[in-house]
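Structural characterization, general
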Amino acid sequence: MRTRKLGRQGLTVSAVGLGCMGMSEFYGPGDEAESIATLHRALELGVTLLDTADMYGPFKNEELVGRALRGRRDQAVLATKFGNERRADGSWVGINGRPEYVRRACDASLARLGVDHVDLYYQHRVDPTVPIEETVGAMAELVKAGKVRFLGLSEAAPATLRRAHAVHPVSALQTEYSLWSRDVEDEILPTVRELGIGFVAYSPLGRGFLSGQIRRPEDLAEGDFRRSNPRFQGENFQRNLALVDRVRELAAEKRVTPSQLALAWVLSRGEDVVPIPGTKRRKYLEENAAAADLTLGAEDLRRIEAAAPRGAFAGTRYPAEAMKRLNL
């Protein structure tokens, strides 16, 4: 597995990471044994960047990742997040960036993960009621205490990134980026490159849609949060499916899977871009990891652009209420 650098502070990760969220929530029922086997296989393949968050489960995903890493901690680059505050029963509290909460959330995550430090600690969503300087200031204290090695933000606007980076170097910004979500190309990517911040692309397979395996909304399990996602509903679904079918045709010509083509496209965006496709099965992990070895030429990229041009996919990234918490 090739590696890439995130930021200028010394953080090196696998070119393709692993998003762990779906192992515990949101994408239908999970299988703990298979999830742990998938995490172990990731490390065997050199997929070192493991991405979790306290809200996944809630709390259960960190515990799962912690169990998988016992005896293997030194093989992983462990990333987790705070800021989307939930109760143990899954109910929503809100966005929280208060300094005292940052410290409390970090200690709780370390306990659940069973580690003495995390490699990359993100603010999951920006709290508009707390100055970013106060939140990042508390995060910087965690670095000084040895509980965190590098800092990140998720779904932060360019102005917020600049203010945060002035308090303490930010190594990574995590935001959705894929063939069907390209708005970061306007201001976000230019800003992180100006500041020397790495970019972690979550949902690089369009929440699984770009895999080509979701043919009908009914293919999603009951309770799968994608059923409430505008891009998976009604006319949007059919329009998006037609675009995905074009991507499938190009992938077939290259004798790769649609997922591999979509990931190779994200990887082609720059050496500072690291996709973290999520999966809970070894089969798909191996498929995704192999995308790191797929090189797309200028003609490949031109044809992908023609098949799935920017702005062609229908629907917003999240339902309306969740959209309000992005790019703050």
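Scoring rules and cut-offs
Think of each chain on its own: its residues are numbered from 1, step by step along the sequence as written. Since the coordinates come from a predicted model, pLDDT governs what is reported: local features require at least 70, and pairs of side-chain atoms require 80 or more to be given and counted, while whole-chain, interface and lining totals use all residues. Hydrogens are left out, water is left out, and the side-chain values use all remaining heavy atoms of the structure. Each axis is a line fitted through C-alpha atoms, taken for helices only over the stretch in contact, and angles between the N-to-C directions span 0 to 180 degrees. To qualify as a helix, a DSSP run of H or I must reach at least 4 residues; to qualify as a strand, a run of E must reach at least 2; elements of each kind are numbered from the N terminus. When describing relative orientation, an angle under 35 degrees is termed roughly parallel and one over 145 degrees roughly antiparallel, while 65 to 115 degrees is termed roughly perpendicular and anything else oblique. Throughout, a residue-residue contact means that at least one pair of heavy atoms, one from each residue, lies within 4.5 Å. Under the grouping applied here, Gly and all other residues not named as nonpolar or charged are polar, the nonpolar ones being Ala, Val, Leu, Ile, Met, Phe, Trp, Tyr, Cys and Pro and the charged ones Asp, Glu, Lys and Arg. In this scheme, a residue with accessible area under 20% of its type's maximum is buried, one over 50% is exposed, and one in between is partly exposed, where area comes from a 1.4 Å probe on protein chains only. By salt bridge we mean one thing: a side-chain nitrogen of Lys or Arg within 4 Å of a carboxyl oxygen of Asp or Glu. Between any two strands, pairing holds if DSSP finds at least two bridges. Method remark: on a 1 Å grid restricted to protein atoms, a set of points is classed as a cavity if a 1.4 Å probe fits but cannot get out and as a pocket if it is open with protein on both sides within 12 Å along at least five of seven lines; lining residues have an atom within 4 Å of a point. Grid points are joined across faces, edges and corners, and a volume is the space filled by probe spheres set on the points. UniProt positions are given in the numbering used here, feature names are shortened, and annotations may be inferred rather than shown by experiment. In this analysis, the expected span of each helix is defined as 1.5 Å times one less than the number of residues it contains.

**Examining the packing of helix α2 (residues 60-69) against helix α3 (residues 99-113)**
As a packed pair, α2 and α3 sit with axes 7 Å apart at the nearest point and diverge in direction by 45 degrees. The orientation of α2 with respect to α3, classified from their angle, is oblique. Listed contacts from α3 to Glu62, Glu63, Val65 and Gly66 of α2 are Ser109, Arg112 and Leu113. In terms of residue class, the contact of α2 with α3 is made up of 2 nonpolar, 2 polar and 3 charged.

**Details of α2**
Taking burial as the measure, the 10 residues of α2 include 7 buried ones, the bulk of the element. Buried within α2 we find Asn61, Glu62, Leu64, Val65, Gly66, Ala68 and Leu69. For α2, the elements touching its buried residues are α1 (32-44), β4 (49-51), β5 (77-82) and α3. Just beyond α2, the residue with positive phi is Gly71, at close to 80 degrees.

**Thoughts on the pattern of salt bridges**
Side chains that differ in charge, positive against negative, can pair when their charged atoms come close. Following the criterion strictly, the structure yields 32 salt bridges and no others. A salt bridge links Glu141 to Arg103, with the shortest nitrogen-to-oxygen separation between them at 3.2 Å. On the criterion of sequence distance, the pair formed by Glu141 in helix α4 (residues 132-144) and Arg103 in helix α3 is long-range, its members being 38 residues apart. Note on Arg103: relative accessible area 35%, which makes it partly exposed. A salt bridge links Arg207 to Glu176; the shortest N-O distance between them is 3.3 Å. Taken as a pair, Arg207 in the loop between β11 (198-202) and α7 (234-254) and Glu176 in strand β10 (residues 172-176) lie far apart in primary sequence, 31 residues in all. In this structure Arg207 comes out as buried when scored by relative accessible area, which is 6%. Here the salt bridges do not stand alone but share partners, grouping Arg182, Glu185, Asp186, Glu305 and Arg310 into one network.

**Some words on the sheet that holds β11**
An order of β3-β4-β5-β8-β9-β10-β11-β12 is seen for the 8 strands of this open sheet, with the pairing classed as parallel. For this open sheet the edge positions go to β3 (18-19) and β12 (273-275), each flanked by a neighbour on one side alone. Here 4 bridges tie β5 to strand β8 (residues 118-123), and the two strands are oriented parallel to one another. Paired with Thr80 across the strands is Tyr121, a residue of β8. Its contacts with the sheet put helix α8 (residues 258-267) on β11 and β12, and the angle it makes with β12 is roughly 160 degrees.

**Focus: the layout of surface pockets**
Taken as a whole, the second largest pocket spans an internal volume of roughly 270 Å³. Glu155, Asp183, Val184, Arg317 and Asn327 are the residues nearest the centre of the second largest pocket, which is lined by 19 residues in total. Looking at the lining of the second largest pocket residue by residue, the class counts come to 7 nonpolar, 5 polar and 7 charged.

**Remarks on the UniProt feature "domain: NADP-dependent oxidoreductase" (unreviewed entry) in the chain**
This chain's UniProt record puts "domain: NADP-dependent oxidoreductase" (unreviewed entry) on residues 16-307. A helix fraction of 41% and a strand fraction of 15% characterise residues 16-307, whose end C-alpha atoms lie 24 Å from each other.

**A short note on α7**
Taking 1.5 Å of rise per residue, 21 residues should cover 30 Å, and α7 covers 31 Å from first to last C-alpha, within 8% of that figure. For α7, the full list of buried residues reads Phe237, Asn240, Leu241, Leu243, Val244, Val247, Leu250 and Ala251. The elements touched by buried residues of α7 are α8 and α10 (298-307). Directly beyond the C-terminal end of α7, a positive phi value near 60 degrees is found at Arg255.

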